Amino acid sequence: MAKLWGGRFELESSSLLEEFNASILFDKILWREDIQGSKAHAQMLEKIGVLSKDELAQILQGLESIAQEIESGDFSFKISDEDIHMAIESALTKRIGEVGKKLHTARSRNDQVAVDFRLFVLRNNKEIQTLLLDLMQTLLDIAQEHTQSIMPGMTHLQHAQPINFGFHLIAWACNFKRDVERLEDDYKRNNFCPLGSGALAGTPYGNDREFLAQTLGFAKPTLNAMDSVSDRDFALDMLYSLSMIAMHLSRVAEELVLWSSAEFKFVSLSDAYATGSSIMPQKKNPDVPELLRGKSGRVYGSLIGLLSVMKGLPFAYNKDTQEDKEGVFDAIKNVKISLRIAKECIQTMTIHTENMAKMAKCGHLSATDLADFLVRECGVAFRDAHHITGQVVAYAEHKGVDISELAESEILSIDSRIKAGVKAVLALESSMNARDTLGGTSSKQTQIQINELMGFVAQRLKECNG
């Protein structure tokens with residue numbers, strides 16, 4: 001079959017070139033956006049006098065019938081059509097005849113793919129925001145129940161200070177809040193319509209690009225036609241944001257792997273989100289969080305891949321840019337399923353607060369509170385207080401108990417500068433609630449943080465669904 005662009009060619013394309021050149025096997029995912037853009041373009045052509053009202057009606061009806069056929073799975077995608085744009089245009093011409101050939105007036109595949117791909121990225125941007133907000137809501141619901149559940153807070157993966165479990169979950173949620181805000185910024189920065197730019201220099205038909213932008217839901221048209229057809233910053237922005245999401249999920253997943261181990265036993269994953277061993281019948285493996293960790297490398301690869309494609313390209317469209325899509329499609333697909341399964345995995349896990357509390361009595365988590373007591377109540381310089389506290393810790397170590405389990409008389413005997421009342425500040429609950437400044441781990445501050453994030457989630461969900 002003759003190519004739509006084949007007028008100046010004397011020889012047919014080799015079969016190897018057809019396979020090498022075609023993108024239809026992966027860019028067919030853009031069919032909704034291609035039909036959406038084609039409908040808007042046809043309406044614009046009628047508005048500027050290129051199409052009659054009857055021709056517009058035929059084109060719109062033909063495009064709608066193609067959409068229904070693709071939706072039902074009855075449409076045949078052929079490699080000879082090269083890409084989704086030519087597949088739909090060829091099908092349209094077969095259905096409605098010569099009128100279908102008029103649709104491509106005043107546009108190029110260069111601006112056509114630019115608008116299709118941008119619409120796809122922006123639509124998924126909103127969907128991923130919603131998934132992030134759903135995950136945040138799950139974390140906040142659990143945090144609400146655990147503002148007083150003491151666990152060891154760690155630095156260097158070593159016991160450091162007592163915190164509550166809700167506080168730790170809020171730390172996770174804050175990462176996802178930034179992801180939502182990053183996607184919001186991406187959307188605003190890239191919500192401009194390239195359609196109507198033509199191949200690289202505009203068109204002589206008087207395209208109404210404001211009409212196209214408004215019809216397709218963009219804020220306004222892009223400014224420069226050459227930039228419009230060569231820009232893939234919107235795809236790179238998406239891949240960077242997806243990489244950040246994948247990194248945050250990976251860090252959460254790492255803690256779930258640790259916490260579900262026998263050494264920690266802070267949580268147990270639901271059987272529905274764990275797997276077994278083919279040889280060891282006792283095993284229950286945390287495959288969901290492990291896969292969440294692994295997906296991050298895959299998403300990073302897509303970002304680096306597209307950066308590498310774009311770095312050496314001259315301006316206007318180049319065929320290299322066909323390599324922009326598969327990585328984005330793959331990254332979007334994997335981040336979306338990762339967010340869904342992370343939510344379900346966390347939602348269904350069992351939380352062992354008794355083990356958290358038990359582990360909080362290891363590592364002398366309230367030692368800093370003793371140093372602070374010496375400074376605040378006993379007038380001891382912090383460096384001296386640090387040294388005295390170290391002596392108390394060493395004494396507790398020799399006894400094989402946590403510093404919070406020492407009797408007050410024992411503590412007072414270690415250094416004469418220690419005053420009575422010291423025992424009270426070493427209690428883990430007291431230590432946790434003493435950190436009552438903005439951002440702290442006290443139950444009160446934890447609830448304040450939950451309330452603020454709850455408000456953020458509610459507002460953003462309303463905007464996404466509005």
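Residues numbered from 1 in each chain as written. Predicted model: local features only at pLDDT ≥ 70, side-chain atom pairs only at ≥ 80, totals over all residues. Heavy atoms only, no water.

A word on helix 15 (residues 382-399). Between its first and last C-alpha atoms helix 15 spans 26 Å; for 18 residues at 1.5 Å apiece the expected length is 26 Å, and the two agree. Those residues of helix 15 lying buried are Ala385, Ile388, Thr389, Val392, Val393 and Ala396. Down the axis of helix 15, the sector holding all buried residues measures 145 degrees, keeping them to one side. Opposite the packed face of helix 15, turned more than 90 degrees from it, sit the exposed residues Arg383, His387, Glu397 and His398. Here the buried face of helix 15 lies against helix 14 (367-378) and helix 16 (408-414). Once helix 15 finishes, Gly400 follows within two positions and takes phi at roughly 75 degrees, a positive value. (Helix = DSSP H or I, 4+ residues; strand = E, 2+ residues; numbered from the N terminus. Expected span 1.5 Å × (residues − 1). Buried < 20%, exposed > 50% of the residue type's maximum accessible area, 1.4 Å probe, protein only. Arc of directions from axis to C-beta. Contact = heavy atoms within 4.5 Å.)

So, about unusual backbone geometry. At Glu82, a position not held by glycine, the phi torsion is positive, near 75 degrees. Take Glu82: it is sitting in the loop between helix 4 (53-72) and helix 5 (84-96). A positive phi angle, close to 60 degrees, is found at Leu157, a residue other than glycine. Following the sequence through the fold, Leu157 ends up in the loop between strand 1 (150-155) and strand 2 (158-164).

With that settled, consider the pattern of salt bridges. Pairing between side chains of opposite charge can happen when their charged atoms approach one another. Under the defined criterion, the tally for this structure stands at 28 salt bridges. Because the salt bridges share partners, they merge into one network encompassing Glu33, Arg123, Glu127 and Lys336. (Salt bridge = Lys/Arg side-chain N within 4 Å of Asp/Glu carboxyl O.)

A full pass over the atoms with the stated rule returns eight aromatic pairs. Look at Phe117 and Phe234: their rings are 5.4 Å apart centre to centre, the planes differ by 75 degrees, and that puts the pair in the edge-to-face class. You can see Phe117 sitting in helix 6 (residues 109-144) and its partner Phe234 sitting in helix 10 (residues 233-259), a full 117 residues away along the chain. Judged by its relative accessible area of 2%, Phe234 is buried. When the ring of Trp172 is compared with that of Trp259, the centres are 5.4 Å apart and the planes differ by 20 degrees; the resulting orientation is stacked. With Trp172 in helix 7 (residues 165-190) and Trp259 in helix 10, this residue pair connects regions lying 87 residues apart in the sequence. These aromatic residues form a ring-pair network of at least three members: Phe165, Trp172, Trp259, Phe264 and Phe266. One residue, Lys126, lies across the ring of Tyr187, its end atom 4.6 Å from the ring centre. (Phe/Tyr/Trp six-rings, centres within 6.5 Å; stacked < 30°, edge-to-face > 60°. Lys NZ or Arg CZ within 6 Å of the ring centre and 35° of its normal.)

Right, let's talk about the domain arrangement of the chain for a bit. Taken domain by domain, the chain holds domain 1 (15-105), domain 2 (110-359) and domain 3 (361-434). Using only C-alpha atoms to locate each centre, domain 1 and domain 2 end up separated by 32 Å. Facing 22 residues of domain 1, the contacting portion of domain 2 comprises 21 residues. Summed over both sides, the interface of domain 1 with domain 2 buries roughly 2,000 Å², with 65% coming from carbon and sulfur. Our count for the contact surface shared by domain 1 and domain 2 stands at two salt bridges. Residue Asp208 is joined to Lys47 by a salt bridge in which the shortest nitrogen-to-oxygen separation is 2.6 Å. For the pair domain 1 and domain 2, the number of links is four residue pairs in polar contact (both at pLDDT 80 or more). Elements represented by at least two residues in the side of domain 1 that touches domain 2 include exactly helix 2 (24-27) and helix 3 (31-47). The element that contributes the greatest number of residues to the side of domain 1 that touches domain 2 is helix 3, accounting for ten residues. For the side of domain 1 that touches domain 2, the residue count by class is eight nonpolar, ten polar and four charged. (Domains from an automatic or database assignment. Buried area = accessible area lost by both parts, 1.4 Å probe. Polar contact = N/O pair within 3.5 Å; in protein donor to acceptor, adjacent residues only side chain to side chain. Nonpolar A, V, L, I, M, F, W, Y, C, P; charged D, E, K, R; others polar.)

It is worth spelling out the packing of helix 6 against helix 19 (residues 443-465) at this point. Interaxial distance between helix 6 and helix 19 falls to 10 Å at its minimum, and their mutual angle equals 150 degrees. Looking at the two axes, helix 6 sits roughly antiparallel to helix 19. The element helix 6 and its partner helix 19 pack so that their crossing is left-handed. In this structure, helix 6 contributes Lys126, Gln129, Thr130, Leu133, Asp134, Met136, Gln137, Leu140, Asp141, Ala143 and Gln144 to the contact, and helix 19 contributes Gln447, Ile450, Leu453, Met454, Phe456, Val457, Arg460, Leu461 and Cys464. Here the residues of the contact of helix 6 with helix 19 are counted per class, giving eleven nonpolar, five polar and four charged. (Axes fitted to C-alpha atoms, helices over the stretch in contact; angles between N-to-C directions. Parallel < 35°, antiparallel > 145°, perpendicular 65-115°, else oblique. Left-handed = near helix turned anticlockwise from the far one by under 90°.)

Along the polypeptide, Asp34 turns up in helix 3. In this structure, Asp34 is buried with no salt-bridge partner, the nearest side chain bearing the opposite charge being Arg107 at 5.5 Å. Polar contacts involving the side chain of Asp34 include one to the side chain of Gln112, which spans 3.1 Å. Leaving out residues up to four positions away in the same chain, Asp34 has contacts with Ile84, His85, Ile88, Gln112 and Asp116. (Lys, Arg positive; Asp, Glu negative; His and termini not counted.)

On to the state of the cysteines. With the rule as written, the count across this model stands at zero disulfides. Among the cysteines around Cys464, which has no disulfide bond, Cys174 carries the closest sulfur, lying 18 Å off. (Disulfide = S-S within 2.5 Å.)

What follows concerns a nonpolar patch on the surface. A contiguous nonpolar surface patch, about 300 Å² in accessible area, is contributed by Leu200, Met226 and Phe315. Residue Phe315 is classed as exposed on the basis of its relative accessible area of 61%. (Patch = residues over 30% accessible without salt bridge, like charges linked within 9 Å, V, L, I, M, F, W, Y side chains within 5 Å. Areas by Shrake-Rupley, 256 points an atom, 1.4 Å probe, with all protein chains shown as cover.)

A separate point is the pairing of strand 1. In terms of strand pairing, strand 1 meets strand 2 through six bridges, oriented antiparallel. Across the sheet, Pro152 pairs through a bridge with Pro162, a residue of strand 2. In this structure, the hairpin formed by strand 1 and strand 2 is closed by a connection of two residues, where His156 is found at a positive phi of approximately 60 degrees. (Pairing = 2+ DSSP bridges.)

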